[in-house]
Amino acid sequence: MPDLPAGYHLRNFECLLDVVAAEYADLLVPEESGLVALFRDLSAQARSLYVRLASRRGPLFRADRLDYADVPDVDAALLELTLAGFVTHAGRAGPEALLDLYTRAEIERALRSRGDSAGSGLSKPRLLGLLVESGRTPGLLGLAAGPIVCCRHLDVLRVFRLLFFGNLRQDLTEFVVSELGVMRYETYRLTGRAYFRNRGVVDDLLHVHAWSRSVRAAQTRGDPVELAELGARVASWKCEPEAERRRDQLVLGIARDLERLDAREQALRLYSMTDRSPSRERRARVLHSLGRRTAVVDVCTSILDDPSDEAEAVFAARFCARVLRPEGTRDLFEAALLRRARPLARRHRRPFDCRRLELTRTGARVEEAVVSSFETQGVEAHYVENGLFPSLFGLAFWDVVFAELPGAFFNPFQRGPSDLYSADFRERRRDLIRSRLDELAAGTAWKDRVRYHYASRTGTVSPFVTWRTLTPRLLERALERIPGGHLRDVSERILTDPRGNRTGFPDLVVFTHDGGYRLVEVKGPGDALQDNQKRWLHAFADFGIPASVVDVAWRN
């Protein structure tokens, strides 16, 4: 990899700062906008040192360990940062946090110099715990040759990150991996804000982030009472619509933990506080386990009346058909519901083309063993899973996905548009999508489009294309064998739910002797089809796309 240019970290940080100050000035509180001005007034070496500290695991640092070529006078830079309020001395930090800045060898040497041999041979975490518990830390806290400093304003920098990236998963390393060529992002024009309509959205997203830390800690402890109380507080918290999905995901995660802890009543209460999928499915399952048949019927009725997606509708239909099966216990309402559910349930119970294959165990993965079996028969097979049809879709619709609509792109490090998984993604691109689907249904122009995007975008991040799977050979073979009509039908289904329908595809593609192809889902001993795999297999049957399930048994 190439060396990064000198000062890259400061340049990247200032780029982030400039965008935030220019695009979101009306959303910044005085402390945040004031920090931007204060930072710009610092000397070059002080700015560089602060960015390095803020980018490292901290917030405590030993001054004697700070050694950077672009900070020739660390003491002067620290003094400037201290006077400007960017760092402070770590006098109030706890003893364990301070001791963590030293190596175990340093701590042991200091102990030996005092004639203290306690903790010899212990791991560093256990040694620190022993010293803190025994109160033997005061004499060890002066080990460093220089002061210990604390990096400040990290909460403000978190706001800047959120505004720039739209999330807190990404950070300044995105700049680095892009410059190194590790990640290559599509080039597009930034088209304005995504979801930061007002300051309330910013604060609520930060609040969700804080909630998530509390939830993770509670999940680690595994106390059902604590989890139930925390979940109720999170679920009842009123927030901006842009934060609701993330809040609901926390609630669903807590409820699932409560189920695993057999706290079903508490889990049911949380599931009832959100309608986000799969809350109604889980609600129906918990109610059934509690023997509340009437409530199960009510939940399944609400799903069939207004399903959030295909997966939820299929679940309700199949669950009703199973739960309401005993004829003598149904009332008229249940009978009517069952009549609604049976056709959909029956459609998703159709048998698949299933074949049994006996193989000798070689130590290879079961999918690789099946590929080898096909190849010994002179048939070309590739392990692709979710890397073929979604990749073909991503290439055929590349310019549609990356269309520069208002608010779709607001920073240069997006894997896709900000509205990709929203309800109005398809409606906003209706004409573009209709034109591309028509292109797939007639002629071969779509193949040239796919080849063009493959050649010009290879390695570029996409929410659909898996470059390591889609080799040039596989691409050409797929373009030869897969009809455009098949790709059109698959693309239409992906577009109905881009998040849910980009997975669940069969493991293999096999290019048959007759010039066609077949998709093959491989299942080893004890393995079973997942629900999203079943839905795709049923869709393939509807589309006339050849697909099979191969059940592998190992020979003794």
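Details of the structure are given in the entry above.
Remember, it's a predicted structure, so these values are computed and weren't measured experimentally. (Residues numbered from 1 in each chain as written. Predicted model: local features only at pLDDT ≥ 70, side-chain atom pairs only at ≥ 80, totals over all residues. Heavy atoms only, no water.)

A. Summary view of the overall build of the chain. Each helix and strand in the chain was counted, giving 26 helices and eight strands. Across the 556 residues of the chain, 47% fall into the buried class. For the chain, the share of sequence-separated contacts (at least 6 apart) that also reach a separation of at least 24 residues comes to 72%. Of the accessible surface of the chain, which amounts to about 27000 Å², a share of 50% is contributed by carbon and sulfur atoms. (Helix = DSSP H or I, 4+ residues; strand = E, 2+ residues; numbered from the N terminus. Buried < 20%, exposed > 50% of the residue type's maximum accessible area, 1.4 Å probe, protein only. Contact = heavy atoms within 4.5 Å. Areas by Shrake-Rupley, 256 points an atom, 1.4 Å probe, with all protein chains shown as cover.)

B. Seen up close, the packing of helix H12 (residues 241-260) against helix H13 (residues 264-271). Remark: H12 packs on H13, axes separated minimally by 8 Å, with the N-to-C direction vectors making an angle of 160°. Classed by the angle they form, the pair H12 and H13 counts as roughly antiparallel. Two packed elements cross with a definite hand, and for H12 against H13 that hand is left-handed. Residues Val251, Leu252, Ile254, Ala255, Arg256, Leu258 and Glu259 of H12 pack against Arg264, Gln266, Ala267, Leu270 and Tyr271 of H13. For the contact of H12 with H13, the residue count by class is eight nonpolar, one polar and three charged. (Axes fitted to C-alpha atoms, helices over the stretch in contact; angles between N-to-C directions. Parallel < 35°, antiparallel > 145°, perpendicular 65-115°, else oblique. Left-handed = near helix turned anticlockwise from the far one by under 90°. Nonpolar A, V, L, I, M, F, W, Y, C, P; charged D, E, K, R; others polar.)

C. Representation of the packing of aromatic side chains. For the coordinates displayed, the defined rule picks out 22 aromatic pairs. Aromatic pair Phe13 and Phe39: ring centres 5.1 Å apart, planes at 65°, arrangement edge-to-face. On the criterion of sequence distance, the pair formed by Phe13 in helix H1 (residues 8-23) and Phe39 in helix H2 (residues 30-41) is long-range, its members being 26 residues apart. There is no split in this pair, since Phe13 and Phe39 are both buried. Relative to Phe505, the ring of Phe389 lies with its centre 6.3 Å away and its plane at 20°, an arrangement referred to as stacked. One end of the pair, Phe389, is in helix H19 (residues 389-396); the other, Phe505, is in the loop between helix H25 (484-496) and strand S6 (508-511), with 116 residues separating them in the sequence. Residue Phe389 shares its accessibility class with Phe505, and that shared class is buried. Through pairs of rings, three or more aromatic residues link up here, namely Tyr188, Trp398, Phe402, Phe409, Tyr454 and Trp467. Seen from the ring of Trp536, Arg493 lies directly overhead, with NZ or CZ sitting 4.3 Å from the centre. (Phe/Tyr/Trp six-rings, centres within 6.5 Å; stacked < 30°, edge-to-face > 60°. Lys NZ or Arg CZ within 6 Å of the ring centre and 35° of its normal.)

D. Geometry of H1. The end-to-end C-alpha separation of H1 is 23 Å, in line with the 22 Å expected for 16 residues at 1.5 Å each. Buried residues along H1 sit against H2, helix H3 (44-55), helix H8 (154-165) and helix H9 (173-180). (Expected span 1.5 Å × (residues − 1).)

E. Seen up close, the packing of helix H22 (residues 430-441) against H25. Where H22 contacts H25, the axes come no closer than 7 Å and their chain directions differ by 155°. Judged on the interaxial angle alone, H25 and H22 are roughly antiparallel. Of the residues in H25, those in contact with Ile433, Leu437, Leu440 and Ala441 of H22 are Gly484, Gly485, Leu487, Arg488, Ser491, Glu492 and Leu495. For the contact of H22 with H25, the class distribution of residues is six nonpolar, three polar and two charged.

F. Inspection of the pattern of salt bridges at higher detail. In the structure shown here, the tally under the stated rule is 44 salt bridges. Between Asp18 and Arg40 there is a salt bridge, and its shortest N-O distance comes to 2.8 Å. Residue Asp18 is found in helix H1, and its partner Arg40 is found in helix H2; the two are separated by 22 residues along the sequence. On the accessibility criterion, Asp18 (39% relative accessible area) is partly exposed. Its relative accessible area of 45% is what places Arg40 among the partly exposed residues. For Asp203, the salt bridge is made with Arg199, and the minimal N-O distance between the two is 3.0 Å. With Asp203 and Arg199 both in helix H10 (residues 199-221), this residue pair falls four residues apart, about one helical turn. Arg199 gets classed as buried once you look at its relative accessible area, which sits at 18%. Each of Glu380, Arg473, Arg477 and Glu480 takes part in one network of salt bridges that share partners. (Salt bridge = Lys/Arg side-chain N within 4 Å of Asp/Glu carboxyl O.)

G. Molecular detail of the sheet that holds strand S1 (residues 60-62). With respect to topology, three strands assemble into an open sheet ordered S1-S3-S2, the strand pairing being antiparallel. The strands lining the two open edges of the sheet, one partner per strand, are S1 and strand S2 (87-89). Between one strand axis and the next, the sheet turns through 35° on average, direction left out of account. Two strands pair when backbone bridges link them, and S2 and strand S3 (residues 148-151) are joined in this way by three bridges, in the antiparallel orientation. Bridging across to S3, His89 finds its partner in Val149. (Pairing = 2+ DSSP bridges.)

H. Broad picture of the sheet that holds strand S7 (residues 517-523). In spatial order, the strands read S4-S8-S7-S6-S5; together these five strands make up an open sheet with mixed pairing. In this open sheet, the two edge strands, each paired with only one partner strand, are strand S4 (354-360) and strand S5 (380-383). Each strand of the sheet is rotated relative to its neighbour by a mean of 30°, with strand direction disregarded. Note that S5 and S6 share four bridges and pair antiparallel. Pairing of His382 across the sheet is with Val509, part of S6. Contacting S4, S5, S6, S7 and strand S8 (547-555), helix H18 (residues 366-376) crosses the sheet at an angle of about 170° to S5.

I. Representation of the layout of surface pockets within the structure. Size it by volume and the second largest pocket reaches roughly 610 Å³. Around the second largest pocket, the lining is made up of 23 residues, and of these Ala54, Ser55, Arg56, Asp171 and Leu172 lie nearest the centre. If you list the elements that add at least two residues to the lining of the second largest pocket, you get H1, H3, H8 and H9. Considered class by class, the residues forming the lining of the second largest pocket number 13 nonpolar, five polar and five charged. (1 Å grid on protein atoms, 1.4 Å probe; cavity = no way out; pocket = protein on both sides within 12 Å on 5 of 7 lines; lining within 4 Å. Points joined across faces, edges and corners; volume = space filled by probe spheres on them.)

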